[in-house]
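# Report on the structure
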Amino acid sequence: MNLTIENILLIGSLLLLVSIFAGKTSYKFGVPTLLLFLAIGMLAGSDGIGGIRFDDPKLAQFIGIVSLNFILFSGGLDTNWTTVKPILWEGVALSTLGVLLTATSLGTFVWLVTDFTIYESLLLGSIVSSTDAAAVFSILRSKSLALKTNLRPTLEMESGSNDPMAYVLTIAFLTLVINQDQSFLSIIPMFLQQMILGGILGFAFGVLSKYIINKIKLDFEGLYPVLVIALMFITFSATNFVGGNGFLAIYICAVYLGNQDLIHKKTIFKMFDGLAWLMQIVLFLTLGLLVFPSEIIPYMGIGLLISVFLIVIARPIGVFISLMFFKMKLRRRFYISWVGLRGAVPIVFATYPLLAGIDKANMIFNIVFFISVTSILIQGTTLSIVAKWLNVGLPEEAKKLTPSDLLLAENPKAEMKEFLITSDCYAVNMKIVELGFPKNAIIAMIKRGDSYIIPHGKTKIEAQDTLIVLADRPVIFEDVHKTLSTQKT
């Protein structure tokens, strides 16, 4: 079946609907959601029952880049700086040195067991060197498994920030494959330029975006998420235009924004969470359509060999060496090694050799696709089991709903408390976004006279207001009291 204007919306909506229901079912059986999305795309493709002919790597790459923008930005918004800060350098080490070591060790193995050149081998290793956060935590949630101490933030930090490094390595080694006369040292300036500019511009655009969001006055609340989408794409494209790493820039920009006081922050977060899920489904369906299962079969043997080496040797080498200077229990290092789940990102990166037209592009793409699928099957279905074996998991206890939970179900908190604003308080006549409110507390409602107001960032606090505040632990209320009740000078 060929995609036309007449049937693309019908087919797309049906695939989306099937994917959503399949994703819901996957939680019950512990099957990674993205695997089902890929499978649905493959079944709908030309080799499957759907018969949809899709063979456009350029379009697939475009969809992949747009989707990764939303997924990385949403992940950055959800990153809590308070929890990430204690393990910042461990996460940075894993997402940079760890990715580099994984790519080079796997590339060396591929060079030894195949007829690939050293640069082609390192290209393959670079493409599959990053992990997939969405797949990891969908499985952890489906098994109701919590992780001890700072293990979860470490994995979040690594998974959210290691794609830029894998992208730089992929582009660097692809350049060396195309230009055989260049030396390995020639890619170092490009690498430094990509990472340095990406980091600096990401932070700069984050600061600028906060100023724009809080200062501009839009007539409709629904326009604020649209504004953030525009700022996200400007950050990505402008950084790429000047030679920086756009993926790194949007992640850093999102982490900064996610930990700042923004107008209509809750609305922005909720919309990006939904868009990230939509982009994941679209991305996995597209990649499933792009692959031809019949072409993968000849590479299953070498693909399985490379995949096992990646899981058992290359990933642990990257983790243990990059974490050797940090104090961490051995079983936690082993678990981080096991949580090296490959997802859709390597498949997107594998389209770059296809578009470059190198000799072994199709072989690389099919091997990468097989590695991603086997990684999901082997690691994705055993994350909770391995966590229990290594004693790094804590089953989540059932939690009864408190009045706070019922008041604000989408953001459950532990306790609720009321604060009366007197005329001499610091908060009088200030907008909520200007208060510098504690990160783990929210103003859920304002009682003003006989009426109740649902506040947003631009709401001004008035004398004699009673603020109904939710916080995730009692100690936070002390910071809230200091913020609201500081006497004016």
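As the structure is a computational prediction, the values presented were derived from the model and not from experiment.

### Brief notes about the overall build of the chain
For the chain, the helix and strand inventory stands at 22 helices and 6 strands. Here the chain holds 489 residues, and 53% of them are scored as buried. At a minimum sequence separation of 6, the contacts of the chain that also span at least 24 residues come to 78%.

### Considerations on the layout of surface pockets
Estimates place the volume of the second largest pocket at around 540 Å³. Lining the second largest pocket are 22 residues, with Trp81, Leu88, Met157, Tyr251 and Ile252 positioned closest to its centre. Listing elements by their share of the lining of the second largest pocket, those giving two or more residues are α4 (81-84), α5 (88-113), α8 (151-161), α9 (163-178), α10 (188-215) and α12 (246-258).

### Some thoughts on the pairing of strand β6 (residues 466-471)
Most of β6 sits out of view: 6 of its 6 residues are buried. With burial as the criterion, each face of β6 is covered, one bearing Thr466, Ile468 and Leu470 and the other bearing Leu467, Val469 and Ala471. Relative to β6, strand β4 (residues 441-448) runs antiparallel, the two being bridged by 6 bridges. When the bridges of β6 are listed, isoleucine 443 appears paired with valine 469.

### Describing helix α6 (residues 118-127)
Most of α6 is tucked away, with 9 of its 10 residues classed as buried. Buried residues of α6: Tyr119, Glu120, Ser121, Leu122, Leu123, Leu124, Gly125, Ser126 and Ile127, and no others. Those residues of α6 that are buried are in contact with α5, α9, α15 (300-322), α17 (344-349), α18 (351-356) and α19 (361-380).

### A few points about the environment of tryptophan 81
Mapped onto the elements, tryptophan 81 comes out in helix α4. Classification of tryptophan 81 as partly exposed rests on a relative accessible area of 37%. The spacing of tryptophan 81 and asparagine 259 is 178 residues in sequence and 6.6 Å in space, taken between C-alpha atoms. With residues up to four places along the chain from it excluded, the contact list for tryptophan 81 reads Leu88 and Asn259.

### Some remarks on the packing of aromatic side chains
Note on aromatic pairs: each is described by the distance of the centres and the angle between the planes. On inspection of all chains with the given rule, the structure shows 12 aromatic pairs. With centroids separated by 6.2 Å and ring planes inclined at 40 degrees, the aromatic side chains of phenylalanine 70 and phenylalanine 272 adopt a geometry described as tilted. Note that phenylalanine 70 is positioned in helix α3 (residues 57-77) and phenylalanine 272 in helix α13 (residues 265-290), a separation of 202 residues in sequence. Judged by centre distance (6.5 Å) and plane angle (55 degrees), the ring pair of phenylalanine 247 and phenylalanine 349 falls under tilted. With a gap of 102 residues between them, phenylalanine 247 in helix α12 and phenylalanine 349 in helix α17 connect regions that are remote in the sequence. You can call phenylalanine 247 buried: its relative accessible area is 3%. The class of phenylalanine 349 is buried, set by a relative accessible area of 1%. Members of the aromatic cluster, each reached through a chain of ring pairs, are Tyr167, Phe236, Phe247, Phe349 and Tyr352.

### A few points about the packing of α10 against α12
Between α10 and α12, whose axes approach to 7 Å, the crossing angle comes to 40 degrees. It follows that α10 is oblique to α12 by the angle criterion. The element α10 and its partner α12 pack so that their crossing is right-handed. Touching Met195, Gly198, Gly199, Gly202, Phe203, Phe205, Gly206, Val207, Ser209, Lys210 and Ile213 of α10 are Leu248, Ala249, Ile252, Cys253, Tyr256 and Leu257, all from α12. Looking at the contact of α10 with α12 residue by residue, the class counts come to 11 nonpolar, 5 polar and 1 charged.

### Focus: the side chain of threonine 466
Mapped onto the fold, threonine 466 is located in strand β6. When residues no more than four places from it in sequence are discounted, the contact partners of threonine 466 are Glu418, Phe419, Leu420, Met445, Ile446 and Lys447.

### A short note on α3
End to end, α3 covers 30 Å across 21 residues, agreeing with the expected 30 Å (1.5 Å per residue, within 8%). The element α3 is extensively covered by neighbouring structure, given that 15 of its 21 residues are classed as buried.

### With respect to the nonpolar core
In terms of nonpolar packing, the biggest core is built from 97 residues, with Phe73, Phe272, Ile306 and Phe349 touching the most fellow members. Excluding its chain neighbours within four sequence positions, the residues that come into contact with phenylalanine 349 are Leu68, Ile127, Asp163, Ala166, Tyr167 and Thr170. Core analysis: the second largest hydrophobic core is formed by 18 residues, Val428, Phe437, Ile443 and Val480 among them.

### So, the side chain of serine 159
Residue position: serine 159 is located in helix α8. A relative accessible area of 5% means that serine 159 is categorised as buried. A polar side-chain atom of serine 159 sits 3.4 Å from a polar atom in the side chain of threonine 131. A polar contact of 2.9 Å, which involves the side chain of serine 159, links it to the backbone oxygen of leucine 155.

### Section: a nonpolar patch on the surface
There is a patch of nonpolar side chains on the surface, built from Leu97, Leu100, Leu304, Val308, Val312, Ile313, Ile317, Ile321, Met324 and Phe325 and spanning about 870 Å² of accessible area. Looking at the nonpolar patch, the elements with two or more residues in it are α5 and α15. Per element, the largest residue contribution to the nonpolar patch is 6 residues, and it comes from α15. Within the element layout of this structure, isoleucine 313 appears in helix α15. Here isoleucine 313 falls in the partly exposed class, since its relative accessible area comes to 38%.

### Quick word on the pattern of salt bridges
For the structure shown, the criterion picks out 4 salt bridges. For the salt bridge of arginine 315 with glutamate 158, the shortest nitrogen-to-oxygen distance reads 2.6 Å. A residue pair is termed long-range when its members are at least 10 positions apart, and arginine 315 in helix α15 and glutamate 158 in helix α8 qualify at 157 residues. Two residues, glutamate 462 and arginine 448, come together in a salt bridge whose shortest N-O distance is 3.5 Å. Here glutamate 462 is found in the loop between β5 (451-453) and β6, whereas its partner arginine 448 is found in strand β4, with 14 residues between them in sequence. Assessed through its relative accessible area of 36%, glutamate 462 is described here as partly exposed. Salt bridges sharing partners connect three or more residues here, namely Arg448, Glu462 and Asp465.

Criteria and cut-off values
- Residues numbered from 1 in each chain as written.
- Predicted model: local features only at pLDDT ≥ 70, side-chain atom pairs only at ≥ 80, totals over all residues.
- Heavy atoms only, no water.
- Helix = DSSP H or I, 4+ residues; strand = E, 2+ residues; numbered from the N terminus.
- Buried < 20%, exposed > 50% of the residue type's maximum accessible area, 1.4 Å probe, protein only.
- Contact = heavy atoms within 4.5 Å.
- 1 Å grid on protein atoms, 1.4 Å probe; cavity = no way out; pocket = protein on both sides within 12 Å on 5 of 7 lines; lining within 4 Å.
- Points joined across faces, edges and corners; volume = space filled by probe spheres on them.
- Pairing = 2+ DSSP bridges.
- Phe/Tyr/Trp six-rings, centres within 6.5 Å; stacked < 30°, edge-to-face > 60°.
- Axes fitted to C-alpha atoms, helices over the stretch in contact; angles between N-to-C directions.
- Parallel < 35°, antiparallel > 145°, perpendicular 65-115°, else oblique.
- Left-handed = near helix turned anticlockwise from the far one by under 90°.
- Nonpolar A, V, L, I, M, F, W, Y, C, P; charged D, E, K, R; others polar.
- Expected span 1.5 Å × (residues − 1).
- Core = buried A, V, L, I, M, F, W, Y, C linked by side-chain atoms within 4.5 Å.
- Polar contact = N/O pair within 3.5 Å; in protein donor to acceptor, adjacent residues only side chain to side chain.
- Patch = residues over 30% accessible without salt bridge, like charges linked within 9 Å, V, L, I, M, F, W, Y side chains within 5 Å.
- Areas by Shrake-Rupley, 256 points an atom, 1.4 Å probe, with all protein chains shown as cover.
- Salt bridge = Lys/Arg side-chain N within 4 Å of Asp/Glu carboxyl O.

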